[in-house]
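Observations on the model geometry
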Amino acid sequence: MLYLAALLVHCVPLAMGQYDICKSWVTTDDGPSWEFYACQPKAMRMKDYVTVRVDPAGITCGDPPERFCTHENPYLCSDECDASNPDLAHPPKLMFDSEDEGLATYWQSVTWRRYPEPLLANITLSWNKSIELTDDIVITFEYGRPTIMMLEKSLDNGRTWHPYQYYADDCMEAFSMPARRVRDLSTTSANRVLCTEEYSRWAGSKKEKTVRFEVRDRFAIFAGPDLKNMDNLYTRLESAKGLKDFFTVTDLRMRLLRPALGGTYVQRENLYKYFYAVSNIEVTGRCKCNLHANLCTFKEGSLQCECEHNTTGQDCGKCKKNFRSRSWRAGSYLPLPNGSPNACAAAGSAFGNCECYGHSNRCSYIDFLNVVTCVSCKHNTRGQHCQHCRLGFYRNSSAELDDENVCIECNCNQIGSMHDRCNETGYCECREGATGPKCDDCLPNYYWRQGCFPNVCDDELLLCQNGGTCYQNQRCICPVGFKGVLCQQSRCEVDKKDCDGAPGARGSPAALALGMLALQLPGWVDL
Ligand SMILES: *[C@@H]1O[C@H](CO)[C@@H](O)[C@H](O)[C@H]1NC(C)=O
Ligand SMILES: *[C@@H]1O[C@H](CO)[C@@H](O)[C@H](O)[C@H]1NC(C)=O
Ligand SMILES: *[C@@H]1O[C@H](CO)[C@@H](O)[C@H](O)[C@H]1NC(C)=O
Ligand SMILES: *[C@@H]1O[C@H](CO)[C@@H](O)[C@H](O)[C@H]1NC(C)=O
Ligand SMILES: *[C@@H]1O[C@H](CO)[C@@H](O)[C@H](O)[C@H]1NC(C)=O
Ligand SMILES: [Ca+2]
């Protein structure tokens, strides 16, 4: 009876293809079991979960208290902003409160008293969570909309930023961009970043208060007016590259670049009427859960998907431990109407008993061995279950077997080591004289030259004799009249010609030239 009720509740949205349930209990020929579907959370008012930051410091009015007036009443400058008085303060949080009927509450900037220095302000909204926009972003300005502003977005919690839309009363002048309208975009340009003049012209501060980022108009390119054909939109989101990401943000930033001017040029004698005042920022969207969750809750200061399909992570972006027998995949809107859950599979559940620790998507049955084995193990793994590291790699002891970083390259020095394999702690096998984990160092009494060679001479045991000097442990440079590895032999003893008075003895140009040549010849030991 309970199940029946659940089924009834679940069937209605399913038929509409709204992707709002993740699983349902169904009866098949093999008895009752769970059936899984692609699912996503409902759209929410995202301003309720946002953190805001306004830059630069000191841009909020009221510290010190300041007078201002309006374009409608330019010479009645009796309004006051005072941060220390709650009735006259205009802090950033007033952009996100719920407006009571009648009186608007708003954040307000200082006035443009530093003109002609530009009056600049950044309003940065952060969610610490990926969000998919489902409706227009609507920013409400009291006392006139900026004549120039820009909307930026981040997809990586504010590490990198990208332009989202440009706004100006003259796009060419402000941004060197032609003015365009979202309504004129086509299926191939639905994710174009453009400059619009629709929200920046002066029309009276009471009449035109809002600046929009038009999500609905862009959706309508695929779903038709009134968004009746959502199936077509979902199909496009799945297939058009970059389209889903275009509507996904973790942060938004409004860069206010020039305030409302009241439809005329800047009047220097009255700068008290130029400032920004924002009463509301409406952002409607849903948590991005990769179609693996239909609930998103606010926990420990951040939104988090309640992941199903045995996935986990803030965005359900990976498989739960022990459910990694195939690689993680996002769910898909296709095929319509219920999509594909692409659930993570329990270790040992797929393909008979073949666990691949997430390093392979494929198993294959080898007939003559009667075993099932993983095919094309990735991440430098190998083996029936991708449980070993490829030759030339070793196991990362701080990583689980299903971690992408489980195998680390040995990186053995090609000359110093016997081969490119290493033991379980990453140590390579060294040739004679070489040492170090990667065999790129020499043992004491060895020197490095394309490998390690035993010292020919040094300052302790293998001293050069008869005033010879040791050159880089490689050879003795002998004074004229001596030779031998350590200059231990007098030339006279060997060859009487070399003795005093004989032709070609010390000081002759030929001997000097030979000596210099010898200094330059690597590996030279003796003439
Ligand atoms: C606003 O943010 C941009 C980066 O997106 C930065 O270059 C600029 O200096 C900021 N402006 C202010 C007034 O803080
Ligand atoms: C962002 O969210 C993550 C995951 O919920 C959390 O661990 C982290 O502390 C949050 N960071 C901030 C700055 O709130
Ligand atoms: C997830 O794992 C549980 C067992 O912990 C299982 O009962 C359930 O069917 C799995 N769900 C999916 C979608 O695979
Ligand atoms: C070993 O694995 C851990 C955990 O995944 C990772 O943080 C670390 O970077 C890996 N070490 C190397 C050398 O790749
Ligand atoms: C790897 O080789 C190094 C150096 O020979 C040695 O100290 C270490 O114990 C070896 N590790 C293992 C697991 O054999
Ligand atoms: Ca407000």
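From a predicted model like this one, the values you see are computed outputs, not experimental measurements.

Looking only at helices and strands, the chain has seven helices and 36 strands in total. Considering only residue pairs separated by 6 or more positions, the chain has 57% of its internal contacts joining residues 24 or more positions apart.

Moving on: the coordination of the calcium ion (ligand 6). Of the protein atoms, only Leu94 (O), Asp97 (OD), Glu99 (OE), Thr105 (O), Thr105 (OG1) and Ser279 (O) coordinate the calcium ion (ligand 6), at distances of 1.9 to 2.6 Å. Classification of the site at the calcium ion (ligand 6) rests on its six donor atoms, whose angles at the metal span 69 to 165°, yielding the label irregular. Between the donor residues of the calcium ion (ligand 6), the gaps in sequence give the motif L-x2-D-x1-E-x5-T-x173-S. Taken together, the residues span a long stretch of sequence, with Leu94 in the loop between strand 6 (79-81) and strand 7 (107-108) and Ser279 in strand 15 (residues 277-282) at a distance of 185 residues. Note on Leu94: relative accessible area 16%, which makes it buried. Relative accessible area serves as the criterion here: at 2%, Ser279 is assigned to the buried category.

This part covers the packing of aromatic side chains. For the coordinates displayed, the defined rule picks out 19 aromatic pairs. When the ring of Tyr106 is compared with that of Tyr143, the centres are 5.7 Å apart and the planes differ by 80°; the resulting orientation is edge-to-face. Of this pair, Tyr106 sits in the loop between strand 6 and strand 7 while Tyr143 sits in the loop between strand 9 (137-141) and strand 10 (148-154); the two residues are 37 residues apart in sequence, bridging distant segments of the chain. Ring pairs connect the aromatic residues Tyr164, Phe213, Phe219, Phe246 and Phe247, which therefore count as one cluster. A cation over an aromatic ring shows up here: Lys23 above the ring of Trp34, its NZ or CZ 4.9 Å from the ring centre. A cation sits over an aromatic face here: Arg253 above Trp161, 4.1 Å from the ring centre.

A few words now on the sheet that holds strand 15. Strand order in this open sheet of four strands is 7-15-9-13, and the pairing throughout is antiparallel. Both edges of this open sheet fall to strand 7 and strand 13 (210-213), since each of them pairs with a single strand only. Where strand 9 lies against strand 13, four bridges are found, and the strand directions are antiparallel. Following the sheet pairing, Val138 is matched in strand 13 by Arg212.

Near ligand 2 you find Asn128, Ser302, Gln304 and Gln314, and these make up its full shell. A distance of 2.4 Å separates an oxygen atom of ligand 2 from a polar atom in the side chain of Asn128. In this structure, an oxygen atom belonging to ligand 2 sits 3.3 Å away from a side-chain N or O atom of Gln314.

Membership of the largest hydrophobic core comes to 62 residues, with the highest contact counts inside it found for Trp107, Ile123, Trp127 and Ile281. Here this core gets six residues from one element, more than from any other, and that element is strand 8 (residues 121-133).

On to helix 3 (residues 215-223). Burial in helix 3 covers these residues: Val215, Arg218, Phe219, Phe222 and Ala223. Mapping the buried residues of helix 3 onto a view down its axis gives an arc of 130°, with all of them on the same face. Along its buried surface, helix 3 packs onto strand 8, strand 11 (162-168), strand 13, helix 4 (230-239) and helix 5 (243-246). A positive backbone phi angle near 80° is found at Gly224, which sits one or two residues after helix 3.

This brings us to the side chain of Thr248. Summarising the element assignment, Thr248 is placed in strand 14 (residues 248-258). Residue Thr248 is classed as buried on the basis of its relative accessible area of 1%. Of the polar contacts made by the side chain of Thr248, one reaches the backbone oxygen of Lys244; its length is 2.8 Å.

The environment of ligand 3 is formed by Phe36, His309, Asn310, Phe323, Ala343 and Cys344. Relative to its unbound accessible area of 360 Å², ligand 3 is 50% covered by the protein chains. Per-class residue counts for the shell around ligand 3 are four nonpolar, two polar and no charged.

Let us now look at the pattern of salt bridges. What the rule picks out here adds up to 21 salt bridges. Across the pair Asp315 and Lys129 runs a salt bridge whose closest N-O atoms are separated by 2.6 Å. With Asp315 in the loop between strand 19 (311-312) and strand 20 (318-319) and Lys129 in strand 8, the pair connects residues that are 186 residues apart, well separated along the chain. Both residues of the pair, Asp315 and Lys129, belong to the buried class. The structure contains a network of salt bridges with shared partners spanning Glu152, Arg253 and Arg255.

With 89% of its residues at a pLDDT of at least 70, the chain reaches an overall mean of 87. Taken as a whole, residues 1-17 scores under 50 in pLDDT and shows 13 contacts with residues more than four places along the chain or in a different chain. When the criterion is pLDDT under 50, residues 501-527 qualifies, and its contacts beyond four places in sequence or with other chains add up to 23 contacts.

Attention now moves to the environment of Thr196. By secondary structure assignment, the location of Thr196 is in strand 12 (residues 195-196). Spatially, the C-alpha atom of Thr196 lies 6.9 Å from that of Cys171, the residues being 25 residues apart in sequence. Thr196 has contacts with Gln165, Tyr166, Tyr167, Ala168, Cys171 and Arg180, leaving out every residue within four places of it along the chain. Within the local environment of Thr196, its side chain forms a polar contact with the backbone nitrogen of Glu198, the two atoms lying 3.0 Å apart.

Moving on: the pairing of strand 14. With nine of its eleven residues buried, strand 14 lies for the most part within the structure. Looking at chain direction, strand 10 and strand 14 are connected through seven bridges and run antiparallel. The residue bridging Leu151 from the neighbouring strand is Met254, located in strand 14.

Scoring rules and cut-offs
- Residues numbered from 1 in each chain as written.
- Chains lettered and ligands numbered in written order.
- Predicted model: local features only at pLDDT ≥ 70, side-chain atom pairs only at ≥ 80, totals over all residues.
- Heavy atoms only, no water.
- Helix = DSSP H or I, 4+ residues; strand = E, 2+ residues; numbered from the N terminus.
- Contact = heavy atoms within 4.5 Å.
- Donors = N, O, S within 2.8 Å, 3.2 Å for Na, K, Ca; no water.
- Tetrahedral: all angles 85-135°; square planar, octahedral: opposite > 155°, others 65-115°.
- Buried < 20%, exposed > 50% of the residue type's maximum accessible area, 1.4 Å probe, protein only.
- Phe/Tyr/Trp six-rings, centres within 6.5 Å; stacked < 30°, edge-to-face > 60°.
- Lys NZ or Arg CZ within 6 Å of the ring centre and 35° of its normal.
- Pairing = 2+ DSSP bridges.
- Near = heavy atom within 4 Å.
- Polar contact = N/O pair within 3.5 Å; in protein donor to acceptor, adjacent residues only side chain to side chain.
- Core = buried A, V, L, I, M, F, W, Y, C linked by side-chain atoms within 4.5 Å.
- Arc of directions from axis to C-beta.
- Areas by Shrake-Rupley, 256 points an atom, 1.4 Å probe, with all protein chains shown as cover.
- Nonpolar A, V, L, I, M, F, W, Y, C, P; charged D, E, K, R; others polar.
- Salt bridge = Lys/Arg side-chain N within 4 Å of Asp/Glu carboxyl O.
- pLDDT = per-residue confidence, 0-100.

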